[in-house]
Amino acid sequence: NYLPQNWDFEIKTEMPRRLVMTSIVMFLWPESAGQIYTAFTISALYALYFTRKLPYGEDGTNSLQLWTLIGQTATLFYGMLAIVPDFARDQRSRDVLGFMTTVWGVFCILYPFFHPASWRRLFKSVETVYGVEEEA
């Protein structure tokens, strides 16, 4: 159930993302660091875009999708951190690459929590789902 102004979100945004994540990324640089970094970048950018758009008509659906995207991005972030030692040749390169990966990953995972509109809507939907009413 999309908002009326976002009726084409599935066709223009969600389907291309699924196509890229399930087919193109799978065959692009198989079993390499590039595959994980590409998937993480696509996932993180989509999560950031989704945070700005919040296309669904129900806040609970937006909240569920946002948490799913954060989980996917966090999983890929962990994968990136796990391959840093294999990817860098010396200790300094590992440190720099690990730091850059950590900063980018933490930013992408935490950004939705600091976007005011998504923050309010996210917790409003949690209150609605669990039956917590606002005090007057």
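Just so you know, these numbers come straight off a predicted model, no measurement behind them. (Residues numbered from 1 in each chain as written. Predicted model: local features only at pLDDT ≥ 70, side-chain atom pairs only at ≥ 80, totals over all residues. Heavy atoms only, no water.)

Caption draft 1: Representation of the nonpolar core within the structure. Ranked by size, the top nonpolar core spans 10 residues in total: Met21, Val25, Ala39, Phe40, Ala44, Leu48, Leu76, Phe77, Met80 and Cys108. Sequence-distant contacts of Met21, that is, excluding residues within four places in its chain, are made with Met26, Ala39, Ile42, Ser43, Gln72 and Leu76. The next biggest cluster of nonpolar side chains, apart from the first, holds 9 residues, and it includes Phe9, Tyr46, Tyr56 and Ile70. (Core = buried A, V, L, I, M, F, W, Y, C linked by side-chain atoms within 4.5 Å. Buried < 20%, exposed > 50% of the residue type's maximum accessible area, 1.4 Å probe, protein only. Contact = heavy atoms within 4.5 Å.)

Caption draft 2: Broad picture of the packing of aromatic side chains. Using the criterion set out here, one finds 8 aromatic pairs in the structure. Geometrically, the ring pair formed by Tyr2 and Phe9 is tilted, given 5.8 Å between the ring centres and 45 degrees between the ring planes. What makes Phe9 buried here is its relative accessible area of 2%. Clustering of aromatic rings is evident, with ring pairs tying together Tyr2, Phe9, Tyr46, Tyr49, Phe50 and Tyr56. (Phe/Tyr/Trp six-rings, centres within 6.5 Å; stacked < 30°, edge-to-face > 60°.)

Caption draft 3: Just the side chain of Glu14, in detail. For Glu14, the location among the structural elements is in helix α1 (residues 9-27). A distance of 2.3 Å separates a polar atom in the side chain of Glu14 from a polar atom in the side chain of Tyr46. Ignoring any residue separated from it by four or fewer positions in sequence, one finds Glu14 in contact with Phe9, Tyr46 and Gln65. (Helix = DSSP H or I, 4+ residues; strand = E, 2+ residues; numbered from the N terminus. Polar contact = N/O pair within 3.5 Å; in protein donor to acceptor, adjacent residues only side chain to side chain.)

Caption draft 4: Quick look at the environment of Ala33. Its place among the elements puts Ala33 in helix α2 (residues 33-53). Assessed through its relative accessible area of 15%, Ala33 is described here as buried. In this structure, the C-alpha to C-alpha distance between Ala33 and Val84, residues 51 residues apart in sequence, is 8.5 Å.

Caption draft 5: Region of interest: the side chain of Ser43. Within the secondary structure, Ser43 sits in helix α2. Given the relative accessible area of 1%, Ser43 is considered buried. Excluding anything up to four places from it in sequence, Ser43 contacts Met21, Leu69, Gln72, Thr73 and Leu76.

By themselves, these are just geometric observations and shouldn't be taken as functional.
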